[in-house]
Structure formats: structure tokens, C-alpha cells
Amino acid sequence: GSGKSLCFLVPVLATAMLSYHKPSHKEENLKILEQSSGTSLILFPTKALAQDQMTKLQNELLDKNSDLKKHIRVGVIDGDTPHPERTEVA
């Protein structure tokens, strides 16, 4: 694939990266940024597509960038996801 299905993630990932890379010269601002977090919910029309996109995101982006991997977590919740995992993902 050429990445057409993943291209919409660019703004989501850019926002996530900016949330912990904002330049600041004040110590108290850095502490606030370290504690900030966010959540993005992305819906796919099929379970197969959701699984495929999650795998691509993990393999092609997060596994190749350890800094991103520290700050971004991906997961899928569908009818086959065990309830304990749903809590962890959500």
C-alpha cells in the first residue's frame, strides 16, 4: 500500500508529538506538559481494516521511532477484544 488509509493520521500524530515537544523556557511549563495527555478515537468500518491499520501503524511508525512509542499507544476494541484489554486500551 501507498499509505492512503493512514494519511489521515498525520494531524493526529502531529498533535500528539507537539503535546510533548512544545518549546518552553520555564520549568513550571515543562512540568505541566509532562503531565498532559490526550486521546484520539478513530473508527474503521470493519474489524479487518482496524486490525490492518493498527498493525501498519505499529510496524511502520512506532516500532521505528522509540521516542514516539514512549508517548503514543494504539489499540483496537471490537467484539473479540477481551474485557480486561478493553479497559487497558480505553
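Preceding this section is the structure that the text describes.
Conventions used here
Residues numbered from 1 in each chain as written. Predicted model: local features only at pLDDT ≥ 70, side-chain atom pairs only at ≥ 80, totals over all residues. Heavy atoms only, no water. Helix = DSSP H or I, 4+ residues; strand = E, 2+ residues; numbered from the N terminus. Buried < 20%, exposed > 50% of the residue type's maximum accessible area, 1.4 Å probe, protein only. Contact = heavy atoms within 4.5 Å. Salt bridge = Lys/Arg side-chain N within 4 Å of Asp/Glu carboxyl O. Lys, Arg positive; Asp, Glu negative; His and termini not counted. Core = buried A, V, L, I, M, F, W, Y, C linked by side-chain atoms within 4.5 Å.

Quick notes on the overall build of the protein chain
- Tallying secondary structure elements over the protein chain gives five helices and zero strands in all.
- Counting helices and strands in the order they occur from the N terminus, the protein chain gives α-α-α-α-α.
- Buried positions account for 16% of the 90 residues belonging to the protein chain.
- A fraction of 47% describes how many contacts in the protein chain between residues 6 or more apart in sequence connect residues 24 or more apart.

Some remarks on the pattern of salt bridges
- Under the counting rule described, the total for this entry stands at two salt bridges.
- Between Asp80 and Lys47 there is a salt bridge, with its nearest N and O atoms 2.7 Å apart. Placement of Asp80 in the loop between helix H4 (66–71) and helix H5 (83–89) and of Lys47 in helix H3 (residues 47–62) is noted, with a sequence separation of 33 residues between them.
- Residue classification places Asp80 among the exposed positions, given a relative accessible area of 59%.
- The shortest N-O distance in the salt bridge between Asp52 and Lys56 comes to 3.5 Å. A residue pair is termed a helical-turn pair when its members lie 3 or 4 positions apart in one helix, as Asp52 and Lys56 do in helix H3 at four residues.

Concerning the side chain of Asp78
- Within the fold, Asp78 resides in the loop between H4 and H5.
- The side chain of Asp78 sits in the buried core without any salt bridge; Lys47 is the nearest counter-charge, 4.9 Å away.
- With near-sequence residues (within four places) excluded, Asp78 lies in contact with Lys47, Gln51 and Arg86.

A short note on the nonpolar core
- Counting residues in hydrophobic clusters, the biggest one holds seven residues: Leu6, Leu9, Leu13, Leu57, Leu62, Leu68 and Ile72.
- Looking at this core, the elements that each hand over two or more residues are helix H1 (9–21) and H3.

That is the geometry; function is a separate question.
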